[in-house]
Amino acid sequence: MELRLHPRAQAHGKTIVLGEHSVVHGYPALAAGLPGGVTLTASPRPDPRQPSTLRIPAWGIDLELRVESEHPVARAALEVLGHCDGPLTGWAIAAQSTLLPGAGLGSSAALTVALARLALGPHADVGAVVEASLAGERIFHGEPSGLDSQVAARGGLLRFVRGQEPTPIPLSEPLPLLIVPSGVERRTAVQVAQVRARVERLPALGRPLLEVLGRSVDEGIETLRASKGPHDRARLGEIMQVAHGVLAALGVSCAALDALCSTALRHGALGAKLTGAGGGGCVLVLPGDDPRPIIDAFTQQGHAPISFVLHGSSPSTASPTLP
Ligand code: PMV
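Residues numbered from 1 in each chain as written. Predicted model: local features only at pLDDT ≥ 70, side-chain atom pairs only at ≥ 80, totals over all residues. Heavy atoms only, no water.

Counting secondary structure elements, the protein chain contains nine helices and twelve strands. Taken against the 2.2 N^0.38 rule, which gives 20 Å for 323 residues, the C-alpha radius of gyration of the protein chain at 19 Å falls within 12% of a compact globule. With the C-alpha coordinates of the protein chain rotated into their principal frame, the extents come out at 60 × 45 × 35 Å. A total of 323 residues make up the protein chain; the buried ones form 54% of that total. (Helix = DSSP H or I, 4+ residues; strand = E, 2+ residues; numbered from the N terminus. Rg over C-alpha atoms; globule rule 2.2 N^0.38 Å. Buried < 20%, exposed > 50% of the residue type's maximum accessible area, 1.4 Å probe, protein only.)

Burial runs high along strand 2 (residues 29-44): twelve of the 16 residues are buried. Bridging between strand 1 (residues 8-18) and strand 2 involves nine bridges; their strand directions are antiparallel. The residue bridging Thr15 from the neighbouring strand is Ala32, located in strand 2. As defined by bridge partners, strand 2 adjoins strand 6 (residues 157-160) across four bridges and the pair is classed as antiparallel. (Pairing = 2+ DSSP bridges.)

Time to look at the state of the cysteines. In total, this model carries zero disulfides according to the counting rule given. Not engaged in a disulfide, the cysteine Cys282 finds its nearest cysteine sulfur in Cys254; these two sulfurs lie 11 Å apart. (Disulfide = S-S within 2.5 Å.)

The angle between the axes and the distance between the axes are what describe a pair of packed helices. Their axes nearest at 8 Å, the elements helix 8 (residues 255-266) and helix 9 (residues 292-300) cross at an angle of 140°. By the angle class used here, helix 8 and helix 9 are oblique. Note on packing geometry: the crossing formed by helix 8 with helix 9 is right-handed. Of the residues in helix 9, those in contact with Leu260, Thr263 and Ala264 of helix 8 are Ile294, Ala297 and Phe298. Looking at the contact of helix 8 with helix 9 residue by residue, the classes come out as five nonpolar, one polar and no charged. (Axes fitted to C-alpha atoms, helices over the stretch in contact; angles between N-to-C directions. Parallel < 35°, antiparallel > 145°, perpendicular 65-115°, else oblique. Left-handed = near helix turned anticlockwise from the far one by under 90°. Contact = heavy atoms within 4.5 Å. Nonpolar A, V, L, I, M, F, W, Y, C, P; charged D, E, K, R; others polar.)

Okay, the layout of surface pockets next. Regions of empty space are outlined by a rolling probe, equal in size to a water molecule, passed over the atoms. Considering only enclosed or pocket space, the largest pocket measures out at about 920 Å³ in volume. Taken together, 42 residues form the lining of the largest pocket, with Ser108, Phe140, His141, Arg186 and Thr188 sitting closest to its centre. Listed by contribution, the elements that provide at least two residues to the lining of the largest pocket are strand 1, helix 1 (72-83), helix 2 (107-120), helix 3 (126-141), helix 4 (147-154) and helix 5 (188-201). Here the lining of the largest pocket takes five residues from helix 3, the largest share from any one element. A class-by-class count of the residues in the lining of the largest pocket yields 19 nonpolar, 14 polar and nine charged. (1 Å grid on protein atoms, 1.4 Å probe; cavity = no way out; pocket = protein on both sides within 12 Å on 5 of 7 lines; lining within 4 Å. Points joined across faces, edges and corners; volume = space filled by probe spheres on them.)

As a packed pair, helix 3 and helix 4 sit with axes 9 Å apart at the nearest point and diverge in direction by 135°. Comparing their axes, helix 4 and helix 3 come out oblique. The interaxial crossing formed by helix 3 with helix 4 has right-handed handedness. Where helix 3 approaches helix 4, its residues Val126, Val129, Val130, Ser133, Leu134 and Glu137 are matched on the opposing element by Asp148, Ser149, Gln150, Ala153 and Arg154. Across the contact of helix 3 with helix 4, the residue classes break down as five nonpolar, three polar and three charged.

Time to look at the pattern of salt bridges. Where charged atoms of side chains with opposite charge meet at close range, the side chains can pair. For the structure on display, the rule yields 14 salt bridges. With a shortest N-O distance of 3.1 Å, Asp47 and Arg49 are connected by a salt bridge. Owing to a relative accessible area of 69%, Arg49 belongs among the exposed residues under this scheme. Here Asp62 and Arg55 are joined by a salt bridge, their closest N and O atoms 3.9 Å apart. Look at Asp62 and you get exposed, because its relative accessible area is 58%. Each of Arg138, Glu143 and Arg162 takes part in a single network of salt bridges with overlapping partners. (Salt bridge = Lys/Arg side-chain N within 4 Å of Asp/Glu carboxyl O.)

Note that every value here comes from positions in space, so none of it alone points to a role or purpose.
Written as structure tokens, this is what we have:
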């Protein structure tokens, strides 16, 4: 049978609303699909024995997918395609991405999910797509919880526990949020190892911190489900504040992220926290009624806030758009 790729595939970016790091240790997390993500197109090369290529201009990536390659993107891409019994040579794959790479917005999971869909097709079982994505994600992140791949494949707002089917979370009202990239790069695997080391050194302190993060998820979900206006949004903001403080206590905030959170709060945000692995990457901001002073303050500081509205099952963009 001739091995083929499908001509086009897509996957979402993501932001973690609550529960990063504790999710690695078995607690729940709440994460949202971003409206933007990765779109791949595939076309056959003239000779099927030629190495496949992967071009992602937005990330400065232009690779030949050779088995001997040490580039993590090439290794991950071949791993995903191999996992799907897809063709390993003879295809030119091009990506369009609205996601900043390495910023905790799920860029690698979006890429690996889209690659799996190129091989398995648009109607493939989402569980199979996630499994294939994880084969590539392990190359990037060691032992990922699987949260990123689930959100990249499904979108919407999901409660996720490692090893379980995610639960879609409906919202009683749309929730406007801002993501602010710090511009500081970090590696998820390094941040995850740092948390593990702290919890191992100081288990009597570290384990309760992870538990509080886990509890923040269900407190947050309860608040979102019941939300009927400013009072409930303020409560969610407070939960985000607690989560940021606990993540800082676990050692994964940094001066740049703390400064972004302070700017947001000084200009009327109800809550602000790091999102993703921390140590850099992005913060997530819950604005009050008027997000403009917050957006203006960040813009004046040279940041490019990303604004989006969460609708529970399917988020949609507002301006400013994803970069
Ligand atoms: O790669 P990031 O920045 O989105 O972080 C992933 C979230 C962690 O909980 C820190 C790791 C994981 O595997 O869930």
